[in-house]
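Examining the three-dimensional arrangement
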Amino acid sequence: MKAIRRFTVRPVLPETLLPLTDLARNLRWSWHSETRELFQSVDPEGWQAAGGDPVRLLGTVSAARLAELAGDRRFLRRLAVVAADLDDYVNGGRWYQGQENGPELPAAIAYFSPEFGITAALPQYSGGLGILAGDHLKAASDLGVPLIGVGLLYRHGYFRQSLSRDGWQQEHYPVLDPNELPLALLRQDDGSPARISLTLPGSRALYAHIWQARVGRVPLLLLDSDVEDNDAAAREVTDRLYGGGSDHRLLQEMLLGIGGVRAVRTYCRITGHPEPEVFHTNEGHAGFLGLERIRELERERGLGFDAAVEAVRAGTVFTTHTPVPAGIDRFEQALVARHFGDGGELDGVPVDRILELGAESYPGGDPGVFNMAVMGLRLAQRANGVSTLHGAVSREMFAGLWPGFDPSDVPITSVTNGVHAPSWVAPEVVRLGARQIGAGRTEDALSVGGSPRWDAVADIPDQDVWDLRRVLREQLVQEVRDRLRASWRQRGAADAELGWVDSVLDPDVLTIGFARRVPSYKRLTLMLRDPDRLRRLLLDPDRPVQIVVAGKAHPADDGGKRLVQELVRFADDPRVRHRIVFLPDYGMAMAQKLYPGCDVWLNNPLRPLEACGTSGMKAALNGCLNLSVLDGWWDEWFEPDFGWAIPTADGLGADEDRRDHLEANALYELIESRVAPRFYDRVGRTGLPVRWIEMVRRTLVSLGPKVLAGRMVREYVERLYTPAALAHRALTPEAARDLAWWKGRVRAAWPRVGVEHVEALAAAPVNGTAELGATLTLRVQVSLDTLAPEDVEVQAFAGRVDPQDVIRDGRSFPLKPTAGPDLEGRWAYEGPLALERTGPFGYTVRILPAHPLLANPAELGLVAAPVDTDAGGGVLLR
C-alpha cells in the first residue's frame, strides 16, 4: 500500500559521534577524500548503498553500529582530526583574507544561478551551467571568497534518463525530499521557518521557504515553493528544472531573481552575514534581481527610477553563457506586463520602464519580446563571456545594444571558465601527485594552482604514468559494464541475454569519451557520418578504438532524442557493441569515472557555438588528451604538444550538410593517422608509448594551472568583483542622482555632437605613405552643443585597415582641448598619433561620453565620428 505521508526518521547519534552530523551537512565532503573515507568506514556496504551520500548513510546505520563506533578510540581519533580540519577550513584565513588590497575587496558577493551542480547527492543541475556554478562556489570556498549562492530547490530536480527497447530517450522525475538531502531549513530566531513572498496577479501570493546548503565556507540558499500556504499552482513553481511553459518559467525566474534578493536579505539579517556589495548574475535567468534592488532603492533610499538603475548597475556583474540567441529566455511583453502591472509584483515600479529594460529595441529585434539577457546587460555595468572566443562572439551577438560601435568596442570582456580540480581529479591521480610533490602541496596545487608544483609532473617516470592510465581505463571498463547491464535490464532484457556485456570494452584499447548535453550544434552523431568507416576504426585488428558516449536531450527536444536513438541503434549492433557504448543518465557520478578513464576526450561542436566546454578541462586534469574543434577554451589554449585540433570548414556558411561531411572526414583522418598510431607506437625495451606519455605530461604541466576554477575565481575577484564593489560604494544616493541627471543631459545633447574637421599638422603622409616611427599631430574641430570638454573624450582611433578600410585591432590616442568655443560653438583639440605599425594603416576621430563613474566609455552606447568620412585620411606605411 502507498503511504499517505512521508517523513524521515533519523537515528540519535551518541554524543561522541555528533561531529558526524556537521561533517555530513557540509558539502565539503564531496571533494575532501579524508571525510569520504571516514564515512565509508562507518559502514562500507551502507556507504555503497547510499551512493556515497553521508546524510543517507547516517539515516540507515544501525544503533548497534553507532554504539560500537562510539567506543572505538581509533575511529574517534580520526573523527576528531577530520572535524578539526573542517573547522580550520571554514574559519581560518585563506587567499582572500591575505590580499594586500583587502579594504577594497567586497564584503560579500551574491552569486545567482538557476542550477548548481555540487554533488550527485544534491541533483539540482542539468549540465555545464550548473556544474560551472557549483565549481565556482567550491573554488570561492577554497579561496575564502565571501560568496553567497542563490538558486531554486527543484523537488524533481532535472530528469533521470533511461532508454526504451528501441533506444528512445525516456524521462523520469523522482521526488526529492529536502529532509533527506544535505540541507537545513533557514529559521527565524523563534524557530519558525524563514520564508519570502511574491505578489501574483489576481491577489494571489507565492511563498517560498529557504533551504541552506553549506558548500565549505559558502552558504547556498535554495528557494522552495512547495509551501502549504501556496495554492496548487504556486506549489509547483519549483517542481522541476527548465520545465513548464512560458508562464511557469517566468514565475521561476521571478522567484529566483526577486525572491532570491529577499532571501539574501533574510539570511543576512538572521545570521549577521555581511550584506553583498556585488550581485553576480550567472546567465539571464536571474536578471530580475536588478528589479528588486531598484524597488529597494526607490522605497528605502528615496531614489527615482533612473538613479536607482545607476546604483544597481554599479554593483552588478553579468555573465553570459550562450553563443546562440536561441539559448536566451525571451517572454512576451504582455506576459511580463501582467505580472508587473497593477496589483502585481514590484508595485510602484513603472511597468513601462521595466519593459524598456528587456526590450529588443535594436535592428533585427522583436519589439513584442522581453529578453532576459538584454535586461541583464542593461542592469550590469560589467559583463563577460566564458572564454576569449565566446567573449568575441558575445560582442557580435549583443552589438545592437551599443549602436555605432565596432563589436571589438562592445563592453563585454571574458573570463575563461575553470573546473574545481579536487572534485574531478581521480584519487589515483592525486596519490601519484602526492608521491611526487607531497600531499599538502598536491592539494594546494589542485585548489589554487601554481606552475612550479605542476612542473614537478615532468619528473614522474614513464612507467608510473602508463600504469596509472591503465588502472583508470580498467576502472572505467568495469563501470561501463555495470551501467550497461543495468540499462539493458531497464530496456527489458533478461540476464540470460546479457552475457556479452562481460566482454564490452578492453582495458588495453585506445578509449575515446564523448559526453555532454545533446542540442544539435554539439553534433552527437558526427562520428556516425560514415558508419562503415567508423566500424573499421572500431574493429581495426592492430589499432582498435573504443568509444564511450553519454548525454541527455532536453525533454521537449525530439530532434535531440532522435540523435540519441541513432547513436544507440548503432551501438546496439552486435558487430560493434563491444567497442562503442551509449550510457544513459549522464550526471556527476558517471562523469567522475568517465573523465579519468578515457585516453582522448572528443568535442566536435559547430564552431563557434561552444561557449567554453569545461568537460575537456576535467578530462585534461586526469591526463586525458583532447581531440576537439578549435572552439571555447580549446581555441584559446590548444597546442600540438598536448592534443589535436579538428579542422573546420567555417567558410561554408549555411551548407551545414557539406560542413559536417568535411569535418567528419577530418575527424576520421586524425584518429586513423595520428591519434591511434601515437597511442599504439610502443618504443624500445620498455614497450611504452613514450610520445603519448609525453603528451600526457604536457597536458598536466601546461593546462593544469590554467583550467582551475581557482584561477577563474581569482580573475573574477580582481577584474570584476573588486571594481564593482568600488563602484557600488561610489554610487551614494547623491552620486547616483547626479550620474542619472548627467546621462540624461548627454543623451539629449548627443544628436548635435559631432566631429567637424580633421587635419594633420606634422609628418603628414606624402603620396599616401609615411615612415614607421613618425608621429602625426592631429588638429580637430568638434561641436559639443551644450556639453563641456569634461563631459566627453575626443580620441584618434588608429590601426591596420582591411580592404574595405575598416580599422582592425585599433587603439585609441587621446586628444586634448586647445581652444574654444569659437563663435560657432566649436572646440579645437590636438594630439599626437604615433605610427607604430607597418602596412595599410588608417585613422579616424571619435567623441565618446566621459565621466569618472563610467566603467567603459562605450557604456552609454553613444559615439560621434566625422561627418566627412574622408577626414580620417588613411595612410600606407612602408
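The shown structure was predicted, so the numbers you read here are calculated from the model rather than taken from an experiment. (Residues numbered from 1 in each chain as written. Predicted model: local features only at pLDDT ≥ 70, side-chain atom pairs only at ≥ 80, totals over all residues. Heavy atoms only, no water.)

Here's the deal with the overall build of the protein
When its secondary structure is counted, the protein shows 29 helices and 28 strands. What you see for the protein is a C-alpha radius of gyration of 29 Å, in line with the 29 Å of a compact globule of 878 residues. Structurally, the protein occupies a C-alpha span of about 95 × 75 × 50 Å along its principal axes. At a minimum sequence separation of 6, the contacts of the protein that also span at least 24 residues come to 73%. Here the protein holds 99 positive side-chain charges and 117 negative ones, and the gap between their average locations is 4 Å. (Helix = DSSP H or I, 4+ residues; strand = E, 2+ residues; numbered from the N terminus. Rg over C-alpha atoms; globule rule 2.2 N^0.38 Å. Contact = heavy atoms within 4.5 Å. Lys, Arg positive; Asp, Glu negative; His and termini not counted. Charge placed at Lys NZ, Arg CZ, Asp CG, Glu CD.)

Looking at the packing of aromatic side chains
All chains considered together, the criterion is met by 20 aromatic pairs. Ring centres of Tyr716 and Tyr721 lie 5.7 Å apart, and the angle between their planes is 25°; this geometry places the pair in the stacked category. Classification of Tyr716 by relative accessible area gives buried; the value is 2%. The lysine or arginine in question, Arg28, covers the ring of Tyr89, its NZ or CZ lying 4.2 Å from the ring centre. The ring of Trp466 is capped by Arg473, whose NZ or CZ atom sits 5.3 Å from the centre of that ring. (Phe/Tyr/Trp six-rings, centres within 6.5 Å; stacked < 30°, edge-to-face > 60°. Buried < 20%, exposed > 50% of the residue type's maximum accessible area, 1.4 Å probe, protein only. Lys NZ or Arg CZ within 6 Å of the ring centre and 35° of its normal.)

Side note on the packing of helix H20 (residues 462-490) against helix H27 (residues 690-703)
Contact geometry for H20 and H27: axes closest at 10 Å, N-to-C directions at 85°. What the angle tells us is that H20 and H27 run roughly perpendicular. The residues of H27 that touch H20, namely those facing Asp462, Val465 and Trp466, are Val690, Trp692, Ile693, Val696 and Arg697. Classifying every residue of the contact of H20 with H27 gives six nonpolar, no polar and two charged. (Axes fitted to C-alpha atoms, helices over the stretch in contact; angles between N-to-C directions. Parallel < 35°, antiparallel > 145°, perpendicular 65-115°, else oblique. Nonpolar A, V, L, I, M, F, W, Y, C, P; charged D, E, K, R; others polar.)

Looking at the packing of helix H9 (residues 246-271) against helix H12 (residues 333-340)
Across the interface, H9 lies against H12 with an axial gap of 11 Å and an inter-helix angle of 50°. Comparing the axis directions of H9 and H12 gives the class oblique. For the element pair H9 and H12, the recorded crossing hand is right-handed. Together, Ser246, Asp247, Leu250, Leu251, Met254 and Ile258 of H9 and Leu335, Val336, Arg338, His339 and Phe340 of H12 make up the contact between the two elements. (Left-handed = near helix turned anticlockwise from the far one by under 90°.)

What to know about the pattern of salt bridges
Taken as a whole and assessed by the stated rule, the structure comprises 59 salt bridges. A salt bridge links Glu428 to Arg431, with the shortest nitrogen-to-oxygen separation between them at 3.8 Å. Here Glu428 pairs with Arg431, and both are found in helix H17 (residues 427-437), just three residues apart, close to one helical turn. According to the relative accessible area criterion, Glu428 is buried, its value standing at 18%. Its salt-bridge partner being Arg826, residue Asp822 comes within 3.2 Å of it at the nearest N-O pair. By relative accessible area, Asp822 is classed as partly exposed at 30%. (Salt bridge = Lys/Arg side-chain N within 4 Å of Asp/Glu carboxyl O.)

Considering unusual backbone geometry
Backbone torsion omega between Arg607 and Pro608 reads 5°, so that peptide bond is classified as cis. Looking at the secondary structure, you find Pro608 in the loop between strand S18 (600-603) and helix H24 (615-620). In this chain, Gly820 is followed by Pro821 through a cis amide linkage whose omega measures -5°. Counting through the fold element by element, Pro821 comes out in the loop between strand S25 (807-819) and strand S26 (826-834). For Leu346, which is not a glycine, the phi torsion comes out positive at approximately 60°. Relative to the elements of secondary structure, Leu346 occurs in the loop between H12 and helix H13 (351-357). Judged by relative accessible area, which is 1%, Leu346 ranks as buried. Despite not being glycine, Leu505 shows a phi value in the positive range, around 65°. Assignment of secondary structure puts Leu505 in the loop between H20 and strand S15 (510-515). Relative accessible area serves as the criterion here: at 3%, Leu505 is assigned to the buried category.

Details of the nonpolar core
The biggest cluster of nonpolar side chains holds 105 residues, and the ones touching the most others in it are Leu510, Met527, Ile547, Leu627, Trp644 and Trp692. It is helix H26 (residues 656-680) that provides the largest number of residues to this core, a total of 10 residues. Leave out the neighbours within four places in its chain, and Ile547 touches Ile512, Met527, Leu534, Leu538, Arg579, Ile580 and Val581. If you look at the next biggest cluster of nonpolar residues, it comprises 100 residues, including Leu251, Ile354, Leu833 and Ala864. (Core = buried A, V, L, I, M, F, W, Y, C linked by side-chain atoms within 4.5 Å.)

Quick notes on the side chain of Asn604
In this structure, Asn604 sits in the loop between S18 and H24. Residue Asn604 is classed as buried on the basis of its relative accessible area, which comes to 1%. Separated by 3.3 Å, the side chain of Asn604 and the backbone oxygen of Lys522 make a polar contact. (Polar contact = N/O pair within 3.5 Å; in protein donor to acceptor, adjacent residues only side chain to side chain.)

Things to note about the confidence of the model for the protein
Averaged over every residue, the pLDDT of the protein is 92; residues scoring 70 or more account for 94%. Of the regions scoring below 50 in pLDDT, residues 869-878 engages in 30 contacts with residues more than four places distant in sequence or in other chains. (pLDDT = per-residue confidence, 0-100.)

Considering the sheet that holds strand S17 (residues 580-583)
Pairing between the strands of a sheet comes from backbone hydrogen bonds, and it takes one of two forms, parallel or antiparallel. Reading across the sheet, the six strands line up as S17-S16-S15-S18-S19-S20 and stay open at both edges, with parallel pairing between neighbours. In this open sheet, the two edge strands, each paired with only one partner strand, are S17 and strand S20 (643-646). On average, each strand axis in the sheet is tilted by 20° relative to the strand beside it, whichever way the strands run. Both S18 and strand S19 (residues 625-629) contribute to a ladder of four bridges, which runs parallel. In the strand pairing of S19, Asn603 is matched with Ser628. Sheet strands touched by H20: S15, strand S16 (545-550) and S17. Its angle to S17, the strand with the most contacts, is close to 60°. (Pairing = 2+ DSSP bridges.)

Digging into the environment of Pro411
Its place among the elements puts Pro411 in the loop between helix H15 (388-397) and strand S14 (413-414). Here Pro411 falls in the buried class, since its relative accessible area comes to 18%. On a C-alpha basis, the gap between Pro411 and Gln592 in space is 37 Å, while along the polypeptide they are 181 residues apart. Discounting residues that sit within four places of it in the chain, Pro411 has contacts with Ala383, Trp402, Asn856 and Ala858.

Some details on helix H23 (residues 588-597)
Most of H23 is tucked away: seven of the 10 residues are buried. Three or more residues of H23 are buried, namely Met588, Met590, Ala591, Leu594, Tyr595, Pro596 and Gly597.

With respect to H12
Three or more residues of H12 are buried, namely Gln333, Leu335, Val336, His339 and Phe340. The buried residues of H12 occupy an angular sector of 160° when the element is viewed end-on, so they sit on one face. Buried residues in H12 make contact with H9, helix H10 (289-300), strand S11 (330-332), H13 and strand S12 (369-371). (Arc of directions from axis to C-beta.)

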